[in-house]
Amino acid sequence: MNKNHFFARRGVGSFAMAALATMFLNSCAIDGFDDQEKFDSGVTGQQLVSPELSASSFSNQVNADGTESVHVSWTVIMGAGGYECKVYNVNDPSKPIEVLNDTVDGAAFNFPRAEDTDYQVYVRTLGNVAKSNTDAPEASQISYTTLVPAQMVPNGSDIAEWIKANFKNTNDEQAFELAAGGTYTLKSVLDFGMHKVTLRGNRNGHALVTYGEEGRLETSAKLKLKFINFDCTSASKSEAVITMSDEPSSAASAASQGIKNGKDNKIANCYVLNDPIIVDECAFKNVPCEFFCVGKHPWGIADIRITNSVIQMSTDGSKYSNGSFLSAYSHGYVGPDGSEFYNGCIKDITIKNSTIYNTLDNTKNYFIRFNNKDIDRVFTQADGNVNISNNTIARVFSGKKFADRTPNLAKYVITMQNNVMVDLFSLQKFIQGNCTKTGVLQGTNTIWGINTTIDGTDKDKYATEENPGFGIDELSKSLDLSQANFGLNLKPTGAISSKVGDPRWLK
């Protein structure tokens, strides 16, 4: 659970604050809880004040269902009849979104906690007619964020050089923030190693990071990339743009972590990452090889998530560009003890609300290469899941299987729905017969072949054959990172496809 927060008595834009204040005052409760007054200490005939809010007013709590809430508390205002409480999501300050609007008779309330989100919190003391105490004229307000506090990387920097020079020696998650609209380079390998890192830009003005030929992001620990555009045009054509560490710490090994596999209760000769790798609200231009790969050593990867992102490949299936979009296939198979080990894997994969496409024809790679269908050769259980929902996926590969070595077990759960797919092949090799299918809906997935013949089983069982209305000309465009929606128009027009796929094209 992330316990890092930032509080500030700051505005989120005068127009938005004025709008929020108006909404707050116009929705006041007329009276408090007269019949069940709980705060009476002899205070009568007073105009009350709103409670003081500070960083100490906030704490996290984990709910019974595993979700998290923010708990807000304050010192009781004597004579109050209750409190009016409001919370707004102000990720876009000009368009605040109401999260909570309630009155409470105690000096605390909870609201749902979302990751990497800015909030504005208001608490106003309500009067008590029976005691002739009147409402506080104004609410107390405070900004609250679930973003990890970050070091600001100077605009124009090479992020590999600057971040390596400014790592903190801590086991806690640390964040590095890029300036809104800033421009940066990545000329060499930036290996975060065992540091848990968030690398983020500004959600309302993404920074641009331009890869050099030797540029690459590596990690052996939790990694979050958010609100950044990456130009990978000059990146190495023989490496993934995100990969696991070339020289991982022994602390990342299964042996060091005491992880025994479920297959034979032995410790696997590989490295294991149980924390997630997250890519959210990012764009990648001209990815010349794999998007993510474990690299030179066998790894068990527990959790990869790609959400709200646009990833444009530029791979034709020639040498070094014939790898998978996501790959657990190790180049070297050299385990922590120096001997070979072949059983790396990916356990959980989430791809949602995203567009992934290739500007070139490529018949030689997979979309997902699990490497090992027996997840319990690495992890303690053979379970896991893939959720591929509300995406537009086009021409990433064609003529090859959608996935290689999917775990073919009932413990492995596949959800695949609301996707628009073009020039993809053999979903049936991904959706294995023994897997548990909780949301594989033919009626919400569409598939269409432009240069590829659609697999018969795919269109009979897993997707409806339908022309989405955009063609090769649009899919041949590289991202224009200076334009809204990156200069693309992949708005679908089919009866089904016009209602599904990446939501950005439906607006």
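Preceding this section is the structure that the text describes.
Residues numbered from 1 in each chain as written. Predicted model: local features only at pLDDT ≥ 70, side-chain atom pairs only at ≥ 80, totals over all residues. Heavy atoms only, no water.

Trainee: Could you clarify how one ought to interpret the environment of Arg405 in this entry?
Mentor: Residue placement: Arg405 occurs in the loop between β31 (403-404) and β32 (412-417). Considering only alpha carbons, one finds Arg405 and Phe430, 25 residues apart in sequence, at a separation of 7.9 Å. If sequence neighbours within four positions are ignored, Arg405 has contacts with Phe370, Asn371, Asn372 and Lys373. Here the side chain of Arg405 touches Asn371 through a polar contact of 2.5 Å, landing on its backbone oxygen. (Helix = DSSP H or I, 4+ residues; strand = E, 2+ residues; numbered from the N terminus. Contact = heavy atoms within 4.5 Å. Polar contact = N/O pair within 3.5 Å; in protein donor to acceptor, adjacent residues only side chain to side chain.)

Trainee: Teacher, can you tell me more about the nonpolar core here?
Mentor: Where a protein is soluble and globular, its nonpolar side chains tend to be buried together. Of all hydrophobic cores here, the largest spans 85 residues; its most connected members are Phe284, Phe291, Phe367 and Phe430. It is strand β23 (residues 299-307) that provides the largest number of residues to this core, a total of five residues. Sequence-distant contacts of Phe430, that is, excluding residues within four places in its chain, are made with Ile368, Phe370, Val386, Ile388, Phe402, Ala403, Thr406, Ile414 and Met416. Ranked by size, the runner-up nonpolar core spans 21 residues in total, among them Leu53, Ala80, Val104 and Ile142. (Core = buried A, V, L, I, M, F, W, Y, C linked by side-chain atoms within 4.5 Å. Buried < 20%, exposed > 50% of the residue type's maximum accessible area, 1.4 Å probe, protein only.)

Trainee: Is there a simple way to explain the sheet that holds strand β12 (residues 189-191) in this structure?
Mentor: Sheet strands associate in pairs through backbone hydrogen bonding, adopting either a parallel or an antiparallel arrangement. Reading across the sheet, the seven strands line up as β12-β15-β18-β22-β25-β28-β31 and stay open at both edges, with parallel pairing between neighbours. For this open sheet the edge positions go to β12 and β31, each flanked by a neighbour on one side alone. Pairing geometry for β12 and strand β15 (residues 216-219), over three bridges, is parallel. When the sheet's bridge partners are listed, Val189 is paired in β15 with Arg216. (Pairing = 2+ DSSP bridges.)

Trainee: Mind showing me how you'd approach the environment of Thr392 here?
Mentor: One can find Thr392 in strand β30 (residues 392-394). Residues Thr392 and Thr134, 258 residues apart in the sequence, show an inter-C-alpha distance of 55 Å. Filtering out sequence-adjacent residues up to four positions away, Thr392 remains in contact with Ser354, Thr355, Ile356, Val420, Phe470, Leu490, Gly501, Asp502 and Trp505. Engagement of the side chain of Thr392 in a polar contact is seen with the backbone nitrogen of Asp502, the distance being 3.1 Å.

Trainee: Any chance you could explain helix α2 (residues 159-166) here in plain terms?
Mentor: Every α-helix winds through 3.6 residues per turn, so residues three or four apart in the chain are directed the same way. Inspection of α2 places Ile159, Ala160 and Ile163 among the buried residues, and these make up the whole buried set. Looking down the long axis of α2, one finds its buried residues gathered within 95° of arc, a one-sided arrangement. For α2, exposure combined with an orientation more than 90 degrees from the buried face picks out Glu161 and Ala165. Of the surrounding elements, those touching the buried residues of α2 are β9 (150-153), β10 (174-178), β11 (183-186), β12, β13 (197-200) and β14 (207-211). A distance of 3.2 Å separates the backbone nitrogen of Ala160 from a side-chain oxygen at the start of α2, and that oxygen is part of Asp158. (Arc of directions from axis to C-beta.)

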